[in-house]
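# Tertiary structure, described
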Amino acid sequence: MNILLEFFVVTFRVLWAFVLAAAKWLVRPKEKRVSGAPTALLPARAGPVPAAVSADLLRGASDSGSGFKTCARTLLPPPLLFSYLCSLVAGDGEKDVLPHCNLQVYTYTCDVGKRENVYLTAERVRKEVGEVSVLVNNAGVVSGHHLLECPDELIERTMMVNCHAHFWTTKAFLPKMLEMNHGHIVTVASSLGLFSTAGVEDYCASKFGAVGFHESLSHELKAAEKDGIKTTLVCPYLVDTGMFRGCRIRKEIEPFLPPLKPEYCVKQAMRAILTDQPMICTPRLMYMVTFMKSILPFEAVVCMYRFLGADKCMYPFIAQRKQATNNNEAKNGI
């Protein structure tokens, strides 16, 4: 095709993409059916992560010390499924949410920071439960130390769980998705994977890595014309799960940008997944912050951060973590 003609075609397609994106903001897209779709959920709790699940199921997880438990197989109506997901994100467990459900549950403990463990657990899941067609990478840890005070092993742990694990879990379950040209890969990153702040260098680096991994993978699937495999990037603002307890922005701004409720984040993420939305930022203000960060000079970004109190928002959190560590050491006689 003549390059000039192709240029006009590309221009039209770009403009049409804007139109379609705007239409989705005005008209809610139809949600797809996921009944019977095997799902692997990797939880957003401190620590290494799990592996997968299958068949008409949902994947839940609970902290199990050195790793995570991943549960599976259940037929739940959407409202109950939503409540279950919220309980898992909030760390409440499933007992109070599903008191009367007769679930067939499979549990697997897996340190996702170790690729051998991931591959072995994935193989067990395939044999015992079935193939996974929906993979949700939602693991996250944070060290809570300034860079020069952070032990090297904690930095490595953050990178392995928050970033490297995405490679291992995706390599474990993507081949079957490619074979069937069907599946969905969800990366739960963070707003700190789009723009950063002071004091959490390891966490920001790991989330930037997760975002880069997800975007490159999405392009690879498009280049391979595997349009049956969908991807969704989830980038929430601070979620009220206690992971960043103590984090504070400017007190005058805080009422307008409070920590997000887990229920809200899960609802937005589920809607994005069910409508095959490529990316979801919560709240929507995060889109504007990301855009401004991309076009403004660095010093202008610094001024904006200082006005919002976002430049040192993690300092109270780090101070609390340090105090808790000192108290534990004193209690244990270290």
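Conventions adopted
- Residues numbered from 1 in each chain as written.
- Predicted model: local features only at pLDDT ≥ 70, side-chain atom pairs only at ≥ 80, totals over all residues.
- Heavy atoms only, no water.
- Core = buried A, V, L, I, M, F, W, Y, C linked by side-chain atoms within 4.5 Å.
- Buried < 20%, exposed > 50% of the residue type's maximum accessible area, 1.4 Å probe, protein only.
- Helix = DSSP H or I, 4+ residues; strand = E, 2+ residues; numbered from the N terminus.
- Contact = heavy atoms within 4.5 Å.
- 1 Å grid on protein atoms, 1.4 Å probe; cavity = no way out; pocket = protein on both sides within 12 Å on 5 of 7 lines; lining within 4 Å.
- Points joined across faces, edges and corners; volume = space filled by probe spheres on them.
- Nonpolar A, V, L, I, M, F, W, Y, C, P; charged D, E, K, R; others polar.
- Axes fitted to C-alpha atoms, helices over the stretch in contact; angles between N-to-C directions.
- Parallel < 35°, antiparallel > 145°, perpendicular 65-115°, else oblique.
- Left-handed = near helix turned anticlockwise from the far one by under 90°.
- Pairing = 2+ DSSP bridges.
- Right-handed = clockwise from strand over helix to strand, strands pointing away.

Another aspect to go through is the nonpolar core. In terms of nonpolar packing, the biggest core is built from 33 residues, with Phe 244 and Met 314 touching the most fellow members. Put simply, the parts of the chain that give this core at least two residues each are α5 (201-223), β6 (229-236), α7 (285-295), α8 (298-308) and α9 (315-331). Residue contacts for Met 314: discarding those within four places in its chain leaves Leu 192, Thr 197, Ala 198, Val 200, Phe 244 and Cys 247.

Evaluation of the coordinates by the stated rule reveals two cavities of 30 Å³ or more. Considered as a void within the structure, the second largest cavity measures approximately 30 Å³ in volume. Around the second largest cavity sit Tyr 237, Leu 238, Cys 247, Ile 249, Glu 254, Leu 257 and Pro 259, which together line it. Split into classes, the residues belonging to the lining of the second largest cavity amount to six nonpolar, no polar and one charged.

What follows is about the packing of helix α3 (residues 115-128) against helix α4 (residues 152-180). The geometry of α3 relative to α4 is characterised by a closest axis approach of 9 Å and an angle of 30° between their N-to-C directions. When the axes of α3 and α4 are compared, the pair comes out roughly parallel. Note that α3 runs across α4; the crossing there is right-handed. Every residue of α4 that contacts α3 at Arg 115, Val 118, Tyr 119, Ala 122 and Arg 126 is listed here: Trp 168, Thr 169, Lys 171, Ala 172 and Phe 173. When its residues are assigned to classes, the contact of α3 with α4 shows six nonpolar, one polar and three charged.

In terms of burial, β6 is a largely internal element, seven of the eight residues being buried. Pairing geometry for strand β5 (residues 183-188) and β6, over six bridges, is parallel. What sits directly across from Thr 187, in β6, is Leu 233. Regarding topology, α5 serves as the crossover connection from β5 to the parallel β6, and that connection is right-handed. Note: β6 against strand β7 (residues 279-282), four bridges, orientation parallel. Along β7, the bridge assignment pairs Val 234 with Ile 280. Handedness of the crossover joining β6 and β7 through helix α6 (residues 262-274): left-handed.

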